[in-house]
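Architecture and fold: a report
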Amino acid sequence: MDTTDSPRSYRIAVLPGDGIGPEIMQVTRAVLEAIAPKFQLDFTFVEGLAGGAAIDATGDPLPAATLDLCRHSDAVLLAAVGGEQWDSLPARQRPEQALLGLRAGLGLFANLRPAQILPQLVDASTLKPEVVEGVDLLVVRELTGGIYFGQPKGIFSGEAGQRRGVNTMAYTEPEIDRIARVAFEAAQHRRGQVCSVDKANVLEVSQLWRERVLAIAPQYPDVTLTHLYVDNAAMQMIRNPKQFDVILTGNLFGDILSDIAAMLTGSIGMLPSASLGAPGSVGLFEPVHGSAPDIAGKDLANPLAQVLSAAMMLRYGLQEPAAATAIETAVLRVLALGKRTGDIWSAGCDRVGCQAMGEALLAAL
Ligand code: NAD
């Protein structure tokens, strides 16, 4: 980072990917370019191939050159990968491998997914407005441990010729400690509450999880810690989601709870996410949605999840919270003006395409 007088320079790896990726990325880059001078920022965008686009060009969903570009950048902005034309490839060669390769290659162990109900979009939720109005929560999910990675795993031959499927849910103390710290630090910048979700009444791995989270908590005296069993947490997220600020949980529980959180908002085109590694490492910022091949190239995509992912990049990756807030405020403004892409449109609003939404954002900035 430079001195306060000269612009702070950041190199951003840009991976537009497939489907609607290039359209929403174009809008996002324009937004970042527009705010840069206002906050004395200087972005260098370097594009890389990932997903189906990379398979077509190189045969590899995550070419070594792309991972190298990402490792040598300050942050990675990814759109989405995937599409029918690559679905018949063997699993290890499919576009989604790019996501796994990026997570592993960048050491990304924390996934942050905010779910905020914007006042203008309360009706997009399938839940009653009085239940979702004002919801503003963040799911912090451990991404590289737990039952998806624990050993032993596999389908083994068992007694009397009956096969046995096995997965192992395991967490080490350092794995729990580092994800807990991410949640506590996020809460310090929010409303100061962490709810740790586990199944400590049944699972030993959850008992260790709870023990470690309790041990870390005193280092964050400004944060209040509570605990819920995962079954109760799922119920509470539907019954009274407003009670949550930061939800801290493991890989499997987080996979499920983050989708519940997404559905609270009812609008997949609005949801950003961040994947982070150890402090100082390169983070990955991407919308929650996929490549939406059904609307690709038709100027129908909602670019706001991608734009809000860029805001998360500024807040969590580059420590530029003021610029992040400027982008989030611009999003609220265009929605207040009634601008809506098809996925969030309702009667009385001004239906716009991806490009026009981008122009409205630039005007709002
Ligand atoms: P999807 O999220 O791409 O689309 C689901 C539905 O939501 C579609 O009707 C789509 O048109 C709509 N939608 C999604 N994003 C939108 C946006 N920004 N604006 C407006 N509408 C939007 O999920 P899918 O259809 O299950 O998957 C399509 C492809 O994306 C598949 O190849 C899948 O593997 C891939 N995928 C990639 C990621 C990722 O890159 N992280 C995530 C999920 C799915």
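We now turn to the structure provided with this report.

What counts and what doesn't
Residues numbered from 1 in each chain as written. Predicted model: local features only at pLDDT ≥ 70, side-chain atom pairs only at ≥ 80, totals over all residues. Heavy atoms only, no water. Near = heavy atom within 4 Å. Polar contact = N/O pair within 3.5 Å; in protein donor to acceptor, adjacent residues only side chain to side chain. Nonpolar A, V, L, I, M, F, W, Y, C, P; charged D, E, K, R; others polar. Phe/Tyr/Trp six-rings, centres within 6.5 Å; stacked < 30°, edge-to-face > 60°. Lys NZ or Arg CZ within 6 Å of the ring centre and 35° of its normal. Helix = DSSP H or I, 4+ residues; strand = E, 2+ residues; numbered from the N terminus.

1. A few points about the site of the ligand
Looking at the ligand, there are 20 residues lining it, with E96, G290, A292, D294 and N302 nearest. Within the backbone of S291, an N or O atom sits 3.1 Å from an oxygen atom of the ligand. Note that a nitrogen atom of the ligand is positioned 2.9 Å from one of the backbone N or O atoms of N302. Across the shell around the ligand, the residue classes break down as nine nonpolar, seven polar and four charged.

2. Describing the packing of aromatic side chains
Each aromatic ring pair is characterised by the separation of its centres together with the angle its planes make. Applying the stated criterion to the full structure yields four aromatic pairs. A connected cluster of aromatic rings, assembled from ring pairs, spans Y10, F43 and F45. Above the ring of W345, the side-chain terminus of R351 is found at 4.8 Å from the ring centroid.

3. Examining unusual backbone geometry
Residues Q151 and P152 are joined by a peptide bond in cis, for which omega reads 0 degrees. Tracing the backbone shows P152 in strand 6 (residues 150–157). One non-glycine residue, D299, lies in positive phi territory at about 55 degrees. Turning to its location among the elements, D299 is positioned in the loop between strand 12 (283–287) and helix 10 (304–317). One non-glycine residue with positive phi stands out, namely Q319, at about 55 degrees. Structurally, Q319 can be placed in the loop between helix 10 and helix 11 (321–336).

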